[in-house]
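Observations on the model geometry
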Amino acid sequence: MGVQARLVLWTPDEATAQRAARAAFARLARVDRALSDWLVDGELARLEERAGGPAVAVSEDLYRCLERSLEIARATDGAFDPTLGALTRLWREARRTGVAPTEAELDAARARVGWRHVALDPRGRTVRLAVEGMRLDFGGIGKGWGADRALEVLAAHGVERALVGLSGDHVLGAPPPGAAGWKLLAGTRPDNQRELVLASCAVATSGDTEQFFELDGVRTSHILDPRTGLGVVARPLVTVVAPDGATADALASAISVVGPEAADDLLARFDGARVLFERP
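The sections below set out a description of the structure shown in this document. (Residues numbered from 1 in each chain as written. Predicted model: local features only at pLDDT ≥ 70, side-chain atom pairs only at ≥ 80, totals over all residues. Heavy atoms only, no water.)

**Thoughts on helix H6 (residues 142-156)**
What counts is decided by this rule: For helices the rule is a DSSP run of H or I covering at least 4 residues; for strands it is a run of E covering at least 2, with both sets numbered from the N terminus onward. Helix span, expected: 1.5 Å multiplied by one less than the number of residues in the helix. Exposed residues in this analysis have more than 50% of their type's maximum accessible area, buried residues have under 20%, and partly exposed residues fall in between, with area computed by a 1.4 Å probe over protein chains only. Contacts are assigned to residue pairs that have any heavy atoms within 4.5 Å of one another.
End to end, H6 covers 21 Å across 15 residues, agreeing with the expected 21 Å (1.5 Å per residue, within 8%). H6 sits mainly inside the fold: 12 of its 15 residues count as buried. When we look at burial in H6, the residues that qualify are Gly 142, Lys 143, Gly 144, Trp 145, Gly 146, Ala 147, Asp 148, Arg 149, Ala 150, Leu 151, Val 153 and Leu 154. On its buried side, H6 packs onto helix H1 (14-35), helix H3 (60-75), strand S5 (162-166), strand S6 (169-172) and helix H7 (245-258). Looking one or two residues beyond H6, the residue adopting positive phi is Gly 158, at roughly 85 degrees.

See the structure below:
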């Protein structure tokens with residue numbers, strides 16, 4: 001996933017902690033193998049090779065994460081879209097070279113984006129990508145999904161008091177002993193940070209603090225608007241609190257796309273979700 005994974009947990013003894021932590025990290029590794037678009041011989045690459053062709057049987061991780069991704073894409077009217085991989089890879093190359101893609105290149109990539117072009121069949125656990133050249137990108141949901149799965153493994157090992165952190169995504173179990181909740185800071189500027197005390201939920205942050213593209217003096221976020229194919233500009237830092245990590249992660253990206261003006265309407269479609277903004 002390209003980030004450091006961090007676990008914090010309380011257990012009766014060190015042996016339990018070690019077993020639980022090893023199992024949680026192994027679970028994260030399986031999620032990474034299923035969802036990563038950096039692995040040229042990974043499961044996602046094999047699925048994408050069949051884009052435009054017949055349905056492909058996939059692992060439970062890939063199927064379930066894509067299923068949830070499409071649910072959120074539908075609920076956000078496409079502000080979050082797991083099929084924008086062609087655009088993601090185009091802009092990755094632009095960030096590497098410092099040369100923006102041409103309009104023709106953008107048009108070609110946009111033609112391969114669209115969550116409605118993905119068909120799922122739960123009976124055979126298959127996925128069909130209807131458009132040739134379609135590429136998936138789980139960058140806006142994968143860390144939250146993985147953190148959810150790691151917390152499930154910890155709970156299965158009897159560890160209820162735990163935190164799983166993946167960069168700006170945190171999934172929280174029961175609070176530490178004697179505490180009302182886990183203490184997290186929302187925001188990046190010391191004069192504008194807010195302390196959150198939370199438990200049994202998830203927090204995700206999106207913005208251009210660390211990942212961005214600068215062209216002709218304009219700072220553009222790595223977060224792409226699926227509708228335009230362009231990175232969002234001049235958006236506040238977004239922190240979303242939601243019942244689970246996948247939802248928080250995807251909503252943080254979607255709200256970064258639609259902006260503060262449309263955030264309330266979007267959040268009303270997701271029970272238990274709320275957002276905090278830090279202006280640039």
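Don't stop here, the text continues.
**Comments concerning the sheet that holds strand S9 (residues 201-206)**
Counted only if it meets this: Following DSSP output, two strands are said to pair if at least two bridges run between them. The axes used here are C-alpha line fits, helices contributing only the stretch in contact, and every angle between their N-to-C directions lies in the interval 0 to 180 degrees.
Ordered in space as S1-S5-S6-S9-S13-S14, the six strands form an open sheet in which the pairing is antiparallel. Pairing within the sheet leaves two strands with one partner each, and these edge strands are strand S1 (5-9) and strand S14 (274-278). Direction aside, neighbouring strands of the sheet carry axes that sit 10 degrees apart on average. Across four bridges, the pairing between S5 and S6 is antiparallel. Pairing of Leu 163 across the sheet is with Leu 172, part of S6.

**Here's the deal with the side chain of Glu 48**
What counts, and what does not: Whenever a nitrogen or oxygen atom comes within 3.5 Å of another N or O atom, the pair is scored as a polar contact, on the condition that within protein one atom can donate a hydrogen and the other can accept it, and that pairs from neighbouring residues in sequence are kept only if both atoms are in side chains.
For Glu 48, the location among the structural elements is in helix H2 (residues 43-49). From its side chain, Glu 48 meets the backbone nitrogen of Leu 136 in a polar contact 2.8 Å long. When near neighbours in sequence (up to four residues on either side) are disregarded, Glu 48 contacts Arg 89, Leu 129, Met 134, Arg 135 and Leu 136.

**A closer look at the pattern of salt bridges**
Defined as follows: Salt bridge criterion: a side-chain nitrogen from Lys or Arg within 4 Å of a carboxyl oxygen from Asp or Glu.
Per the counting criterion, the structure on display carries 14 salt bridges. Note that Arg 89 and Glu 48 form a salt bridge whose closest N and O atoms lie 3.1 Å from each other. Linking Arg 89 in helix H4 (residues 85-97) with Glu 48 in helix H2, this pair joins segments that are 41 residues apart in sequence. Using a relative accessible area of 26% as the deciding quantity, one classes Arg 89 as partly exposed. The class for Glu 48 is buried, based on a relative accessible area of 6%.

**Quick look at the side chain of Ser 69**
Within the fold, Ser 69 resides in helix H3. Overall, Ser 69 belongs to the buried group, its relative accessible area being 0%. The contact partners of Ser 69, leaving out residues within four places of it in the chain, are Phe 80, Pro 82, Phe 138 and Ile 141.

**Some points on unusual backbone geometry**
Note: most residues except glycine have negative phi, and most peptide bonds are trans. Unlike most non-glycine residues, Ser 167 shows phi in positive territory, near 55 degrees. We note that Ser 200 has phi near 55 degrees; this positive angle belongs to a residue other than glycine. Looking at where Ser 200 falls in the secondary structure, it is placed in the loop between strand S8 (194-198) and S9.

**Let's talk about the packing of aromatic side chains**
Worth spelling out the cut-off: Note on ring pairs: Phe, Tyr and Trp rings are taken, using the six-membered ring of Trp, and paired if centres are within 6.5 Å. Classes follow the plane angle, with under 30 degrees stacked, over 60 edge-to-face and the rest tilted. The criterion is that NZ of a Lys, or CZ of an Arg, lies within 6 Å of the ring centre and within 35 degrees of the ring normal, and then a charge sits over that ring.
All chains considered together, the criterion is met by one aromatic pair. On the numbers, 5.6 Å between centres and 55 degrees between planes, the contact of Trp 10 with Trp 182 is tilted. Here Trp 10 is found in the loop between S1 and H1, whereas its partner Trp 182 is found in strand S7 (residues 182-186), with 172 residues between them in sequence. By relative accessible area, which is 38% here, Trp 10 ends up partly exposed. Judged by relative accessible area, which is 7%, Trp 182 ranks as buried. When the ring centre of Trp 145 is taken as reference, the NZ or CZ atom of Arg 149 above it lies at 4.1 Å.

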